[in-house]
Amino acid sequence: MNKLKPSRLVVGIKLLQIFFWNEAKVFAVGGETCSRSYLSHTKMNCAMQNDSQVIEDINKIIPPLTYSQHKGQAGRIGIVGGSEEYTGAPYFAAISALKVGADLAHVFCPSAASPVIKSYSPELIVHPLLDKEDDLTAIKDWLPRLGSVVIGPGLGRLSSTMQTVKDIIAELKELSTPIVIDADGLFLVTQDPDVILGYKRAILTPNVVEFRRLANAMNIEARNDDPVQETIDLSKALGDVTIVRKGKVDIIAHGDQVLKVTEDGSPRRCGGQGDLLSGSMATFAFWAYKNETKVTANPGAVAAYGACMLTKKCASLAFVKYGRSTTTTDLIAEIHTVFEGTFEIFSNKNL
């Protein structure tokens, strides 16, 4: 009998790990060790949720696949981003939102970016409106139809675009729409924190550099020895928005409530992985806020946890297959496998 090649064997082991993952991570919290990923940093106790309970919350918000559903019920996601130089980022965010399970993805971008983004996939609805003279008026007509919106992928930093985005955010706040802010959207918040201050349905996803800029803008004292408290401080300073501090361990803070995603990702840091994260997070955010009475944790934190876990597992599985050659397209190809294995393997909701 032919033996499996080592690479295939490793892939098989990884698949088994994904499909049978249900073990809570153990980590130290303020001198205590507890099997918890959801905790109150202030109380320093273990009377909160473990990993399996967070996954259970996520399972509660995932819409069932039934023949009675109609298009749009699982989510219409908006992506505000793209520029002449950066067309890949909004595509990655939008296609990831669809692959996770949203029904429709709308990309709002400048005219120069529109034909390029359209050429990537016929699945996306692309609106070349961000640089139109009456751009806000045209975009406002679409906003009430969207279940959640990502701000920032590939957006660029033109002052005219930034002003339009400010106006879009103001409209979304009036509609109580969940907002995920990444990349150049975070630059906007750094320049003008009031744009999102106190909006509790906002989720910000800074990397290490973006986090430091935001913390400096909000006069947050650096706590290199206590990144959890530093993340809590930033969340509170911005009025209890959800902060997703990306890193080897993702730290998610909504006020005093904290989630940690300790799942291994990938040592391959190719561009676009943050766009997969933000797009998938937007879909989870729509589901979470639509079903917020079903979850025990904050809906934004639940959505962030689901997207971080998904992204890290996709990165891990893709890296096993492709190693140094891994790109974000390879990660996106793993979404179905990881989603089913992590969130739906024990679910009877699907036909």
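Throughout what follows, the structure given in this document is the object of discussion.

Turning our eyes to something else, we now look at unusual backbone geometry. At Ser176, a residue that is not glycine, the phi angle is positive and equals roughly 60 degrees. Within the secondary structure layout, Ser176 lies in the loop between α6 (159–174) and β8 (179–181). For Asp240, which is not a glycine, the phi torsion comes out positive at approximately 65 degrees. If you trace the backbone, Asp240 turns up in the loop between α9 (227–237) and β10 (242–245).

We now examine the environment of Ile251. Mapped onto the secondary structure, Ile251 falls in strand β11 (residues 250–254). Along the backbone, Ile251 and Ile232 are 19 residues apart, and their C-alpha atoms lie at a distance of 9.4 Å. Each residue touching Ile251, except ones within four places of it in the same chain, is listed here: Pro227, Val228, Thr231, Ile243, Val244, Arg245, Val258 and Leu259.

Okay, the nonpolar core next. Most often, soluble globular proteins keep nonpolar side chains buried together rather than apart. Formed by 61 residues in total, the largest nonpolar core has its most connected members in Ile58, Leu124, Ile252, Met281, Phe284, Trp287 and Tyr305. With 13 residues, the top contributor of residues to this core is helix α11 (residues 299–322). Residues in contact with Ile252, not counting those within four places in the same chain, are Thr242, Ile243, Val244, Gln257, Val258, Leu259, Val261, Ala301, Ala304, Tyr305 and Cys308. Leu130, Val165, Val189 and Ile243 belong to the second-largest nonpolar core, a separate cluster that totals 34 residues.

Helix α7 (residues 184–191) sits mainly inside the fold: six of its eight residues count as buried. Taken together, the buried positions of α7 are Asp184, Gly185, Leu186, Leu188, Val189 and Thr190. Next to the buried residues of α7 lie β7 (148–151), α6, β8, β9 (202–204) and α8 (208–217).

With the rule as written, the count across this model stands at 13 salt bridges. One salt bridge in this structure joins Arg245 and Glu230, with 2.9 Å as the shortest N-O distance. Taken together, the residues Arg245 in strand β10 and Glu230 in helix α9 connect sequence positions 15 residues apart. The same class applies to Arg245 as to Glu230, namely buried. A salt bridge links Lys236 to Asp256; the nearest nitrogen and oxygen atoms lie 2.9 Å apart.

Let us now look at the packing of aromatic side chains. By the definition in use, this model includes seven aromatic pairs. Geometrically, the ring pair formed by Phe284 and Trp287 is edge-to-face, given 5.7 Å between the ring centres and 85 degrees between the ring planes. Note that Phe284 and Trp287 are positioned in helix α10 (residues 273–290) at a spacing of three residues, about one turn of the helix. Trp287 shares its class with Phe284; the two are buried. Plain terms: the ring middles of Trp287 and Phe339 are 6.3 Å apart, the flat faces sit at 75 degrees to each other, and that makes the pair edge-to-face. A residue pair is termed long-range when its members are at least 10 positions apart, and Trp287 in helix α10 and Phe339 in helix α13 (residues 335–344) qualify at 52 residues.

What follows concerns the pairing of strand β5 (residues 104–109). Taking burial as the measure, the six residues of β5 include six buried ones, the bulk of the element. Alternating positions in β5 separate into two faces, Leu104, His106 and Phe108 on one and Ala105, Val107 and Cys109 on the other, with burial throughout. In this structure, strand β4 (residues 76–80) lies alongside β5, joined through five bridges in parallel fashion. In the strand pairing of β5, Gly78 is matched with His106. What joins β4 to β5 is helix α3 (residues 88–100), and the crossover it makes is right-handed. Here four bridges tie β5 to strand β6 (residues 125–128), and the two strands are oriented parallel to one another.

Closest axis-to-axis distance for the helix α2 (residues 51–61)/α11 pair is 10 Å, and the angle between their directions is 100 degrees. It follows that α2 is roughly perpendicular to α11 by the angle criterion. Contacts from Asp51, Val54, Ile55, Asp57, Ile58 and Ile61 of α2 reach α11 at Val302, Tyr305 and Gly306. The class makeup of the residues in the contact of α2 with α11 is six nonpolar, one polar and two charged.

Criteria and thresholds
- Residues numbered from 1 in each chain as written.
- Predicted model: local features only at pLDDT ≥ 70, side-chain atom pairs only at ≥ 80, totals over all residues.
- Heavy atoms only, no water.
- Helix = DSSP H or I, 4+ residues; strand = E, 2+ residues; numbered from the N terminus.
- Contact = heavy atoms within 4.5 Å.
- Core = buried A, V, L, I, M, F, W, Y, C linked by side-chain atoms within 4.5 Å.
- Buried < 20%, exposed > 50% of the residue type's maximum accessible area, 1.4 Å probe, protein only.
- Salt bridge = Lys/Arg side-chain N within 4 Å of Asp/Glu carboxyl O.
- Phe/Tyr/Trp six-rings, centres within 6.5 Å; stacked < 30°, edge-to-face > 60°.
- Pairing = 2+ DSSP bridges.
- Right-handed = clockwise from strand over helix to strand, strands pointing away.
- Axes fitted to C-alpha atoms, helices over the stretch in contact; angles between N-to-C directions.
- Parallel < 35°, antiparallel > 145°, perpendicular 65-115°, else oblique.
- Nonpolar A, V, L, I, M, F, W, Y, C, P; charged D, E, K, R; others polar.

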